[in-house]
Amino acid sequence: MALISASEAFVETLVAHGVEHVFGIVGSAYMDALDIFPAAGIRFISVAHEQNAAHMADGYARVTNRHGVCIGQNGPGITNFVTAIAAAYWAHSPVVAITPEAGSMGTGLGGFQETDQLPIFSKITKYQAHVSHPERIAELTDRALTIALHERGPTQINIPRNNFYGDIDIEIPAVRSLERPAGGAESLEAAADLLARARFPVILAGGGSVMSGGQAETVRLAEFLSAPVVTSYLHNDAFPASHPLMCGPLGYQGSKAAMRIIAQADVVLALGSRLGPFGTLPQYDIEYWPVDAQIIQVDSDSRMLGLVRPFSVGIHGDARAAAREIFERLRAPDRKIAAREDEEARLAEVVEQKRRWESELDAWSSSAGTPIPPRRCLRELEKAMPESALVATDIGNLCSAANSYLRFERPNSFLAAMAFGNCGYAFPTAMGAKVAEPERPAVAYVGDGAWGMSLAEVMTCVREDIPVTAVVFNNGQWGAEKRNQIDFYDSRFLGTNLENPSFAEIARAMGARGTRVDHPDQVGDALREATRSGKPSVLEIMVTQELGEPFRRDALKKPVRRLAKYRDYGAP
Ligand SMILES: Cc1ncc(C[n+]2csc(CCOP(=O)(O)OP(=O)(O)O)c2C)c(N)n1
Ligand SMILES: [Mg+2]
C-alpha cells in the first residue's frame, strides 16, 4: 500500500466500520483528522458539553446496535466524557470514545491539558488502546471498534496528539464480525427439558433480547409455549406491548400484572438479563420473584450468569440464538409440552391480571387540576405518544414513574437511564437516537432539576437540526431526593427546592419551540404538535409537587445524632 498519513489511516478505519456520525467538541488535538471528516462522509456533530456528546453516542448506539462514536480535546474535553461513558457501560452500549492525549514528548511535565487518560476509564470500558506509535493507529482503532460491538460496551482509543501526524505504510484492517453462539448443547438441552415440563412457564425478556435483535425469536418461543412474557426493568421494548402474552415490565414502578404473573411461574426463561436488583426486589409490597421456580438464565457475558440470582440452568450464549435453538429443540416431534394442558387457564389469568392493573392505573391517573397531577400527565403522554417513537427517560421521580406508562411495539425504542442512573441522561441520548433514526419521533422525559444539566443542548438541536421533543416536568423540586427528606429527615428540605425560570421562554430564545402546558387536557395535543412539528421542542409541563414511591427506602436509615447541638436533627 502507498504511504498515507496517520490521520487518514484513523479516519479510513472509522469509515471501514461504517461510522457516519461523530459527536464532540472541536479541539486542536485531533484537528488534523477532523479536517477530513466531511470528505470521508462522516458528519461531525458539534455539541455544548462533551458529556452530552458521549450520551448522544450512547443513544445512537442503542437504537442502531452499531457504534456510537465521540471525540474531544485532550484533558478537559476527555474528563467531561466520564459520566456518560459510565452510563454507557451499564447500558451495554457500544460507545467508542476517541481520546486524543497530550503530546508524547510532554507527558508528565504538566504542560497543558494533561491528565493520565487511561486509568480514569479503566473500570467503565471493555477495552482500552493506547496508540503509542502512528503506525498502530489503524490497528488499534479497528480493535476498539470491534470489541465495542462484540462485548457490548464502551471502548477507548487513546491517541497522543502527535501521533495523528506523519506518513505510515499500513493496510486498513478488514472488518471482522463474529457469529454469536447460542450456548452449550448440554445447557440448551437442559433448558428445553425444563420448559417442556413446565406447567406455568414465563419468559423474562431482557436487554440482551433487544440487543441481539431477538424479538421475533422470543415471540415465536412464547407463542409456542403459550408462555406469558414479562420484560426486565427498563427494557419495556423487549416484547411488543400489544401482544396478548405481554404482561409488562418488572421492577420499580413496573406492571403489577407482570409481577403477579411471574410470581406464579414454575420455570422462568430469562433471555439476556442479569436479573439485576432493581428489577427483582419487591415493589408495591409484592414479593414477586419466584424463589421456588427453576430459573434458566441466558447471557452472552458469562460473568452475568448467577451474579444476582441463582440459576438452575445457565446458558452462556446470545439471547436470540439461544431462543432459536431452544425453540428447535422444543418442537421436536417426540417432545410433549406440559404447558399446553393449562393453556386456557393461564391465558385467562394473564387477561385478568392485565385488566386489574389497567384499571388500577386508570384510577391512579385520572385526577384533574392545575398544576397537573403527575400520573395524569404521564397517562396523557402515553395516549398521545406516536407508535414509532423513541423515548428516553431521565432518573427523577416522575420519569421513573413513567415506567408504568411506556409501552412499545418495536425493540430499540426505550432509552432509559439504566443502572448508572445519572440525572441528565435522557435529552442528549434522545438526540443521538434521533440522529440515527431521523424518521422516528424522539422524545425525552426530563425532570426540571435534570433539565438544568441538559438544556444547553437545545442550542445544538437548533444548530444541527435535531428535532427532539423534550418533555420537562416542572415541579419546582429535585423531587426524587426530596422524597427521601420527607421519609427520613422530617421534611427538612435542603437543596431540593428549585426556583425555575421559564423553560419555555428559554427554549424560544434558543430558537426552538417552547410551550408551557398548564392543563391536563393540553398535554396530549402539545406532545402531538411537538413531535409533528419537525422542530426542536420543549414542553414545559407544570405539574404538582406530588411524589411517588422512593427508589430505595431500604437504602436509608432514620438519622441518629449524638451531639447536643444536633439533637433537633434526630435524637437517639
Ligand atoms: C448526576 C446526578 N446527580 C444527582 C443525582 C441524585 N438524584 C437522583 S434523582 C434526583 C432528583 C431529580 O429531580 P428532577 O430531575 O427535578 O426530577 P423529579 O424527581 O423532580 O421528578 C437527584 C438529584 C443523580 N441521580 N445524578
Ligand atoms: Mg423536579
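These numbers come from a predicted model, not from an experiment.

(A) Structural view of the packing of helix α8 (residues 185–197) against helix α12 (residues 319–330). In the contact formed by α8 and α12, the axes pass within 9 Å of each other and the chain directions differ by 60°. What the angle tells us is that α8 and α12 run oblique. For the pair α8 and α12, the crossing hand works out as right-handed. Residue-level contacts link Ala185, Leu188, Glu189, Ala191, Ala192, Leu195 and Ala196 of α8 to Ala322, Glu325, Ile326, Arg329 and Leu330 of α12. For the contact of α8 with α12, the per-class residue count stands at nine nonpolar, no polar and three charged.

(B) Inspection of the site of ligand 1 at higher detail. As a structural note, the neighbourhood of ligand 1 is formed by 18 residues, with Asn397, Asp448, Gly449, Gly479 and Ala480 the closest of them. The protein chains hide 79% of the 590 Å² of surface that ligand 1 would expose on its own. Contributions of two or more residues to the shell around ligand 1 are made by α15 (397–401), α17 (448–454) and α19 (479–488). In terms of residue class, the shell around ligand 1 is made up of seven nonpolar, nine polar and two charged.

(C) Focus on a negative patch on the surface. A cluster of like negative charges, contributed by Glu8, Glu12, Asp32, Asp35 and Asp167, occupies part of the molecular surface. Within the secondary structure layout, Glu12 lies in helix α1 (residues 6–16). By relative accessible area, Glu12 is classed as partly exposed at 39%.

(D) Structural detail: the pairing of strand β4 (residues 68–71). Alternating residues of β4 divide into Gly68 and Cys70 and Val69 and Ile71, and every residue in both groups is buried. Two elements, strand β2 (residues 21–24) and β4, share three bridges in a ladder whose sense is parallel. If you follow Phe23 over to β4, its bridge partner there is Cys70. Bridge analysis of β4 against strand β5 (residues 95–101) gives four bridges, and the strand direction is parallel. Pairing of Cys70 across the sheet is with Ala97, part of β5.

(E) Here's a closer look at the pattern of salt bridges. Counting across every chain of the model gives 29 salt bridges. Between Glu189 and Arg329 there is a salt bridge; the shortest N-O distance is 2.7 Å. Residue Glu189 is found in helix α8, and its partner Arg329 is found in helix α12; the two are separated by 140 residues along the sequence. Taking the shortest distance from any N to any O, the salt bridge between Arg528 and Asp525 comes out at 3.1 Å. One end of the pair, Arg528, and the other, Asp525, are both in helix α21 (residues 520–533), three residues apart, so they sit about a helical turn from each other. Accessibility expressed as a relative area gives 29% for Arg528, which makes it partly exposed.

Quick notes on the rules
- Residues numbered from 1 in each chain as written.
- Chains lettered and ligands numbered in written order.
- Predicted model: local features only at pLDDT ≥ 70, side-chain atom pairs only at ≥ 80, totals over all residues.
- Heavy atoms only, no water.
- Axes fitted to C-alpha atoms, helices over the stretch in contact; angles between N-to-C directions.
- Helix = DSSP H or I, 4+ residues; strand = E, 2+ residues; numbered from the N terminus.
- Parallel < 35°, antiparallel > 145°, perpendicular 65-115°, else oblique.
- Left-handed = near helix turned anticlockwise from the far one by under 90°.
- Contact = heavy atoms within 4.5 Å.
- Nonpolar A, V, L, I, M, F, W, Y, C, P; charged D, E, K, R; others polar.
- Near = heavy atom within 4 Å.
- Areas by Shrake-Rupley, 256 points an atom, 1.4 Å probe, with all protein chains shown as cover.
- Patch = residues over 30% accessible without salt bridge, like charges linked within 9 Å, V, L, I, M, F, W, Y side chains within 5 Å.
- Salt bridge = Lys/Arg side-chain N within 4 Å of Asp/Glu carboxyl O.
- Lys, Arg positive; Asp, Glu negative; His and termini not counted.
- Charge placed at Lys NZ, Arg CZ, Asp CG, Glu CD.
- Buried < 20%, exposed > 50% of the residue type's maximum accessible area, 1.4 Å probe, protein only.
- Pairing = 2+ DSSP bridges.

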